[in-house]
Amino acid sequence: MRSWLWALVVLAALLAAAPMLDRVGLPPASLLETGLLAMTPLALAAVGECLNEKAGLVNIGLEGIFALSATVGVWFAEAGRSGYVGLAGGAAVGALVGFVLGAVSVYGRADQIIAGMGLNLFSLGFVPFLLISLWAFPGIHVFPNELMVPRLATPLGQVSPVTLAAIVLALLAHWVLHRTVLGFRIRAVGEKPEAVDVAGLRVDRLRLLTATVGGALAGLGGAFLPLGWFGALVKEISAGRGFIALACVVFAGLEPSLALGAALLFGLADGFASAVAVTPGVKERVPFYFVSMIPYVVTLVVVAAVIGRRRFPSTVGRPYARE
Amino acid sequence: MKESAPRVEMRGIHKVYPDGTVALRGVDLRLEPGEVVGLLGENGAGKTTLMKVLSGLLRPTRGEVYVDGRAVQFRDPKDALRFGIGMVHQVFTLVPPFTALQNVLLGQEEAPPLRPLPEDRAREAVGRLMEQTGLSFPLDAPVESLPVGVQQRVEICKVLYRGTSVLILDEPTSALTPVEVDDLFRFLRGLRSQGRSVVLITHKLREILEVTDRVVVLRRGAVVGERPTAGATAEELAQLMVGQVAVRRAVRTPRAAGAPVLQVRQLRVRDDRGGLAVRDVTFEVREGEILGIAGVEGNGQSELVQALTGLRRPEVGEVLVAGAPAPVLDPLTLYRRGLAHVPEDRARFGLALGFDLVENAILSRQRERAFVGFGGRLRGNVIRRYAEDLVQSFQVVAPSLWTPVRSLSGGNQQRLLLGREIRKTPRLIVAMHPTRGLDVASTAYIRDVLVQMREEGKGVLLVSADLDEVLELSDRIGVMYRGELVAVGPAGRMTREKIGLLMGGVRPEEGA
Amino acid sequence: MTAVRALRPVGESLATVALGLLAGGLLVWAFGYSPWAAYRALFVGAFGTRSDVLETLAFATPLMLTALTFAVGVRAGLFNIGAEGQMYLGAIGATFVAGMVRLPGGVHLAAATLAGMLAGALWSLVPAVLKVWRGAHEVISTIMCNWIALHLSMYLAVHFLAEPGRAERTVPALPSARYPVLSEESTLTAVLFVAVAFALAVYAYLWGTRAGYELRLVGENPEAARYAGVRPGRVVTLSFVIGGLAAGLAGASQVIGRPPAWSLYATLGNVATLGFDGIGVALVGRNHPVGGILAAILFGALAQGGRLMEYEVGVLSELVRALNGIIVFALAAPGLWNLLRRRVAR
């Protein structure tokens with residue numbers, strides 16, 4: 001697989017660069033730590049979207065789900081006095097939004113790209129609205145530190161349990177997709193919904209299922225942003241990550257396990273940017289603005305360099321209707 | 001009523017589509033066990049709709065369905081399958097990258113959702129079924145790699161695997177070679193002898209006469225005739241099927257063909273997946289003749305036509321249009337050399353369905369001097385007058401010039417397209433499936449126009465899967481099989497039987 | 001008869017907007033405000049006085065341009081959501097020429113406007129080239145370009161264009177590079193006419209020229225375009241560039257055509273989200289330049305009225321942007337309309 005090769009090349013380059021990074025004051029261990037944090041929301045959303053696209057739907061509203069579930073997740077965490085409640089709340093909101101988007105796509109035969117964009121635009125206004133309505137702070141809300149989901153000490157450094165969950169979920173999704181009857185049907189419905197329909201299976205239910213699961217995973221990732229990583233809520237919290245997750249999906253050719261690798265790649269770029277921005281001795285020399293561009297430039301380069309024309313399920317984004 | 005209830009009975013079936021189209025107006029149909037019923041009718045007569053109702057894919061607006069005397073209502077195909085009714089659709093419902101076995105298994109996994117796919121168990125069951133019915137195909141190849149005829153066997157097996165005793169086949173022979181058709185019919189007779197019922201949807205009279213026991217003729221959503229096949233004649237059935245339109249033949253004057261307008265030498269073209277679709281084909285088309293190329297679809301005809309018309313880059317070979325080589329095979333260069341193209345799929349290549357008639361009238365002519373004024377401005381008035389003239393000359397029926405062509409009937413779309421191409425005053429016309437899916441009147445009209453072009457001394461390359469069309473129109477006939485032009489000869493020496501064998505890959509001198 | 005057919009999409013657009021407002025009303029009500037009072041304030045704020053109407057037009061000006069970016073993309077079969085970033089750079093380009101370069105009056109204004117448009121067009125070439133050359137999907141590439149443009153523009157605004165002594169904004173446009181204010185009671189300037197003229201020019205181009213015809217043909221049916229000898233790569237680039245010019249003009253209009261700042265905020269606060277808002281405007285305007293002008297006035301009214309709604313009723317004007325999303329969402333589903341119609345018919 002070409003994408004795997006690319007990922008390996010980049011990882012090897014990163015490993016080779018590690019000693020150099022160390023010398024300029026960027027310890028590779030902390031880079032990996034941040035990279036894994038940054039990987040988590042991307043991986044969750046990308047894995048869910050892989051399933052969704054395998055079933056023939058497309059959700060470009062991941063960005064909006066990230067922002068909405070981050071906000072609502074913090075609200076749940078404060079109400080339930082626990083970060084885990086927040087994560088659950090975020091996942092639930094994501095599932096709900098995913099379900100609505102799925103229903104509009106399946107029953108309303110919506111243009112899924114436009115519907116997803118509508119969702120993004122909605123959250124662009126609704127999230128700042130919520131921030132002020134719920135906490136009377138425009139732009140930023142800092143919640144008590146004890147609501148953060150605690151990280152686990154591992155040989156790789158401080159790792160969030162959500163990160164481990166994301167890895168397990170990616171492998172689980174791979175297993176479901178390729179080893180079970182359900183996955184068999186999901187792949188069939190994306191390639192040929194007519195076949196699924198005449199076989200007496202429900203096209204609508206399979207697609208609603210993947211839309212909802214995909215939404216829930218993105219929602220979990222969104223709630224993780226403030227509760228597992230930043231420790232605060234800002235209105236631009238998703239910052240293009242929803243679209244980077246989409247890039248992971250394309251990069252991975254809709255394979256959840258490969259999407260995990262892609263998420264790690266983009267996560268490392270993101271983590272690198274965050275690390276550079278806070279490392280003394282480096283941050284003074286490189287303008288902050290350029291550091292902030294790194295994840296987007298990396299995504300742009302990868303999208304342009306690696307992704308040729310891949311084979312996607314023939315019906316992605318097209319509503320199914322019996323004539 | 002007979003003493004025992006029929007296997008299936010449909011009574012007073014009406015179907016109105018959401019867009020208001022009335023497809024069925026009170027159809028009755030009976031099916032007995034152990035009979036093959038032919039459902040005969042033109043395109044759009046409602047045959048497929050009726051059977052989609054019976055197989056649970058569509059719900060009737062009105063009317064009842066009885067199975068073994070019991071009233072039933074199918075909400076989806078699974079319900080119909082439960083009563084032993086299964087349908088093989090004209091457009092296959094196979095998942096292309098899945099293996100044949102997986103396709104048979106889909107929906108019949110008989111395992112909980114989160115368990116592995118029980119492929120080994122199914123392999124035995126499918127194997128037994130294949131033995132029983134005489135269907136055979138490789139189980140573990142992705143179906144997209146199988147020939148169409150074999151895919152159809154997979155499709156039939158898929159339906160039978162669900163314990164079907166009423167098998168519905170929608171135009172099953174349209175993509176088959178004559179040899180494959182014989183195999184299929186033998187298989188259907190086998191089913192009949194096992195006491196199962198078969199419905200064969202077709203518009204081909206020969207098939208009805210060859211394999212059915214009883215024939216039901218539909219026209220415009222209603223049954224216009226029903227009789228045992230044994231006493232029926234082809235002429236009588238044709239009359240029922242088309243109504244009052246007389247069956248006609250093209251009139252032409254014998255004439256000697258002129259100079260070649262298209263010369264193709266050793267042309268080799270690959271398909272989208274990189275496979276060889278056209279293998280070193282050589283032929284020519286002369287002024288004042290129609291060269292018809294017959295063949296089962298998917299034998300390289302699409303790729304050949306696309307290469308000749310600049311839509312696909314050939315790998316090697318030489319193409320001369322009007323005697324001069326076409327160095328850059330792009331559509332506009334070829335057009336300037338005198339090529340007109342009626343593409344195989346008008347909605348895909350030849351028209352922009354969302355554009356109105358005026359805009360479609362200049363599609364591919366949009367750069368012509370006559371239509372473009374100073375600074376690249378389109379000359380609206382000139383274009384409108386030209387479109388008006390097209391609509392009149394080619395009898396296009398449309399509410400207005402500003403209607404999107406999407407809302408025109410297929411026949412009117414094709415008249416507009418053909419008119420536009422002919423107004424290019426070409427020396428060579430390449431037409432593929434020019435009458436596919438059209439009503440009788442439009443079909444006749446378009447065939448007339450093609451013959452008229454020949455009379456005017458233009459060269460016509462006609463590529464069609466409709467053998468009757470090729471036989472009716474051509475001066476010379478060639479057959480494509482697996483990317484090769486296996487034979488070209490004067491129409492007089494190419495009989496239907498000979499072409500049929502060639503289409504199936506049998507060379508008469510060796511084979512028969 | 002033709003008139004009736006032309007009115008149907010208008011009716012559908014208005015119905016969708018009404019649906020969006022209804023959903024927004026529910027949202028307002030859910031957060032404990034009176035939807036009636038909110039919408040009254042919204043309407044009065046947008047159209048209550050002459051100055052409100054002019055202000056509505058001032059808000060509409062950039063929206064009709066960013067809507068054009070999206071609409072020209074759709075007409076060529078692209079989902080170009082890069083207006084946001086192209087607009088930032090347009091604002092930067094205009095600020096540079098208007099604030100840092102000295103030119104005679106008249107020429108200066110034209111130069112600043114052109115600089116904005118060209119900057120937007122240049123930035124639009126990035127996704128265009130990636131699309132044509134590598135097949136990179138524009139949804140992802142334009143969003144990435146937006147974020148890169150955001151940071152790049154902030155960097156340029158802070159490091160090169162900052163007004164000495166005032167960190168929060170760039171140098172203001174020199175008086176010779178400002179569009180004349182039309183009336184003292186509002187911030188509407190003559191840049192409105194430039195925007196309308198540009199939209200009409202694009203309309204004439206798309207429907208009246210050979211190149212415009214080919215652009216729309218690619219969007220309508222790419223295979224038929226190939227049949228007609230159209231090179232899709234050129235059309236893609238052309239569509240992106242027209243969109244970039246429009247977005248760049250939108251950005252410029254907020255700097256050299258909008259008092260009182262006459263400059264760009266370092267946070268880009270006075271242009272942010274105008275590019276995304278254009279998507280909804282374009283869709284309500286049926287991806288037609290003239291429809292976009294009308295829809296922009298509608299959305300301009302929401303933006304202008306939203307201020308009074310916030311002041312009088314306390315409903316945050318951010319909600320108006322959420323409304324925008326709901327409207328787009330509802331427009332996505334033609335099936336919804338058919339469903340509703342069937343329900344009503346029964």
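Preceding this section is the structure that the text describes.
A brief structural summary. Note that the structure is a prediction, hence the values are computed from the model and not measured.

### So, the overall build of chain B
If you tally the helices and strands in chain B, you get 17 helices and 20 strands. Against the 2.2 N^0.38 benchmark of 24 Å for 512 residues, chain B shows a C-alpha radius of gyration of 25 Å, consistent with a compact globule. The C-alpha extent of chain B, read off along each of the three principal axes, is 75 × 55 × 50 Å. Taking all 512 residues of chain B together, the buried fraction comes to 55%. At a minimum sequence separation of 6, the contacts of chain B that also span at least 24 residues come to 67%. In the structure as shown, chain B presents an accessible area of about 21,800 Å², 49% of it carried by carbon and sulfur atoms. Here chain B holds 70 positive side-chain charges and 63 negative ones, and the gap between their average locations is 4 Å.

### Here we look at the environment of Val88 of chain B
All names here are of chain B. Mapped onto the elements, Val88 comes out in strand S6 (residues 85-88). The class for Val88 is buried, based on a relative accessible area of 1%. Those residues in contact with Val88, other than ones at most four positions away along the chain, are Glu155, Ile156, Val159, Leu167, Ile168, Leu169 and Asp170.

### Quick notes on the sheet that holds strand S10 (residues 222-228) of chain B
Strand-to-strand pairing in sheets goes through backbone hydrogen bonds, with the strands running parallel or antiparallel. Residue and element names in this part refer to chain B. Here 6 strands make up an open sheet; going across it, the order is S6-S7-S8-S3-S9-S10 and the pairing mixed. Two strands close off the open sheet at either side, each with one partner strand: S6 and S10. On average, each strand axis in the sheet is tilted by 20° relative to the strand beside it, whichever way the strands run. Note: S6 against strand S7 (residues 166-170), 4 bridges, orientation parallel. Directly across from Ile85, in S7, lies its bridge partner Val166. Each of S6 and S7 is contacted by helix H5 (residues 148-160), which is oriented at about 170° to S6, the strand it contacts most.

### Some points on the side chain of Gln152 of chain B
Residues and elements named next belong to chain B. By secondary structure assignment, the location of Gln152 is in helix H5. Gln152 sits in the buried class, given a relative accessible area of 4%. Leave out the neighbours within four places in its chain, and Gln152 touches Phe92, Pro172, Leu176 and Leu184.

### Observations concerning the nonpolar core
Judged by nonpolar contacts, the single largest core of 299 residues is most densely connected at Phe137 and Leu167 of chain B together with Leu217 of chain C. Apart from residues no more than four positions distant in its own chain, Phe137 of chain B is found in contact with Ala100, Val104, Val126, Met130, Val150, Arg153, Val154 and Cys157 of chain B. Counting 30 residues, the second-largest nonpolar core is a separate cluster that includes Val27, Leu50, Met51 and Leu218 of chain B.

### Focus: the pairing of S10 of chain B
In regular strands, side chains alternate between the two faces of the sheet. Residue and element names in this part refer to chain B. Where strand S9 (residues 214-219) and S10 come together, 6 bridges link them in antiparallel fashion. Each bridged residue has a counterpart across the sheet, and for Arg214 the counterpart in S10 is Pro228. Hairpin remark: S9 followed by S10, antiparallel, with 2 residues in the connecting loop; positive phi at Arg220, about 45°.

### Here we look at the side chain of Thr299 of chain A
Topologically, Thr299 of chain A is positioned in helix H12 (residues 288-305). Among the polar contacts listed, one links the side chain of Thr299 of chain A to the backbone oxygen of Pro295 of chain A, at a separation of 2.7 Å. Non-local contacts of Thr299 of chain A, meaning those with residues more than four positions away in its chain, are made with Ile244, Ala247 and Phe266 of chain A together with Ile140 and Met144 of chain C.

### A short note on helix H6 (residues 178-193) of chain B
For an α-helix the count is 3.6 residues per turn, leaving residues at separations of three or four pointing the same way. Residue and element names in this part refer to chain B. When the terminal C-alpha atoms of H6 are compared, their 23 Å separation across 16 residues agrees well with the 22 Å that a helix rising 1.5 Å per residue should span. Of all the residues in H6, the buried ones are Val181, Leu184, Phe185, Phe187, Leu188 and Leu191. Across the axial projection of H6, the buried residues extend over an arc of 160°, all falling on one side. The exposed set on the far side of H6, more than 90 degrees from its buried face, consists of Arg186 and Ser193. Tucked inside the fold, the buried residues of H6 contact helix H4 (119-133), H5, S7, strand S8 (197-202) and helix H7 (205-211). At the C-terminal side of H6, Gly195 shows a positive phi close to 85°.

### So, the interface of chain B and chain C
Taken together, the contact pairs 28 residues of chain B with 17 residues of chain C. Both faces combined, the contact of chain B with chain C buries some 2,100 Å², and carbon together with sulfur accounts for 56% of it. Its largest share of buried area at the contact with chain C, chain B owes to Phe355, Gln366 and Arg367 of chain B, together 25% of the area lost on that side. Linking chain B with chain C are 4 salt bridges, by the criterion used here. Ionic pairing is found between Glu223 of chain C and Arg348 of chain B, a salt bridge with its closest N-O pair at 2.8 Å. Listed by contribution, the elements that provide at least two residues to the side of chain B that touches chain C are helix H10 (331-336), helix H11 (346-350) and helix H14 (410-422) of chain B. Per-element accounting of the side of chain B that touches chain C gives the leading share, 4 residues, to H11 of chain B. Taken together, the residues that form the side of chain B that touches chain C break down as 15 nonpolar, 6 polar and 7 charged.

### Digging into a nonpolar patch on the surface
A contiguous nonpolar patch, built from Phe43, Val44, Phe47 and Val53 of chain C and spanning about 330 Å² of accessible area, is present on the exposed surface. Residue contributions to the nonpolar patch peak at 3 residues, all from helix H2 (residues 35-47) of chain C.

### Topic: the packing of helix H5 (residues 112-135) of chain A against helix H13 (residues 318-331) of chain C
Between H5 of chain A and H13 of chain C, the least distance of the axes is 7 Å, while the angle of their chain directions is 160°. Here H5 of chain A lies roughly antiparallel to H13 of chain C, going by the angle between them. Handedness of the crossing formed by H5 of chain A with H13 of chain C: left-handed. Each of Ile114, Ala115, Gly118, Leu119, Leu121, Phe122, Leu124, Gly125, Phe126, Pro128, Phe129 and Ile132 of chain A in H5 of chain A lies in contact with H13 of chain C, whose residues at this interface are Glu318, Leu319, Arg321, Ala322, Asn324, Gly325, Ile326, Val328 and Phe329 of chain C. Tallied by class, residues from the contact of H5 of chain A with H13 of chain C come to 15 nonpolar, 4 polar and 2 charged.

### A closer look at the interface of chain A and chain C
Taken together, the contact between chain A and chain C spans 48 residues of the former and 45 residues of the latter. With both sides pooled, the region where chain A packs onto chain C buries about 3,900 Å², and carbon together with sulfur makes up 85% of that total. Ranking the residues of chain A by area buried against chain C places Phe129, Tyr289 and Leu300 of chain A at the top, with a combined share of 18%. Across the contact surface, chain A and chain C share 0 salt bridges. Summed over the shared surface of chain A and chain C, the number is 2 residue pairs in polar contact (both at pLDDT 80 or more). When contributions to the side of chain A that touches chain C are tallied by element, the ones reaching two or more residues are helix H4 (83-106), H5, helix H10 (241-251) and H12 of chain A. The element contributing the most residues to the side of chain A that touches chain C is H5 of chain A, with 16 residues. Among the residues making up the side of chain A that touches chain C, the classes are represented as 36 nonpolar, 7 polar and 5 charged.

Basis of the calculations
- Residues numbered from 1 in each chain as written.
- Chains lettered and ligands numbered in written order.
- Predicted model: local features only at pLDDT ≥ 70, side-chain atom pairs only at ≥ 80, totals over all residues.
- Heavy atoms only, no water.
- Helix = DSSP H or I, 4+ residues; strand = E, 2+ residues; numbered from the N terminus.
- Rg over C-alpha atoms; globule rule 2.2 N^0.38 Å.
- Buried < 20%, exposed > 50% of the residue type's maximum accessible area, 1.4 Å probe, protein only.
- Contact = heavy atoms within 4.5 Å.
- Areas by Shrake-Rupley, 256 points an atom, 1.4 Å probe, with all protein chains shown as cover.
- Lys, Arg positive; Asp, Glu negative; His and termini not counted.
- Charge placed at Lys NZ, Arg CZ, Asp CG, Glu CD.
- Pairing = 2+ DSSP bridges.
- Axes fitted to C-alpha atoms, helices over the stretch in contact; angles between N-to-C directions.
- Core = buried A, V, L, I, M, F, W, Y, C linked by side-chain atoms within 4.5 Å.
- Polar contact = N/O pair within 3.5 Å; in protein donor to acceptor, adjacent residues only side chain to side chain.
- Expected span 1.5 Å × (residues − 1).
- Arc of directions from axis to C-beta.
- Buried area = accessible area lost by both parts, 1.4 Å probe.
- Salt bridge = Lys/Arg side-chain N within 4 Å of Asp/Glu carboxyl O.
- Nonpolar A, V, L, I, M, F, W, Y, C, P; charged D, E, K, R; others polar.
- Patch = residues over 30% accessible without salt bridge, like charges linked within 9 Å, V, L, I, M, F, W, Y side chains within 5 Å.
- Parallel < 35°, antiparallel > 145°, perpendicular 65-115°, else oblique.
- Left-handed = near helix turned anticlockwise from the far one by under 90°.

Interpretation in functional terms is not warranted from these geometric data alone.
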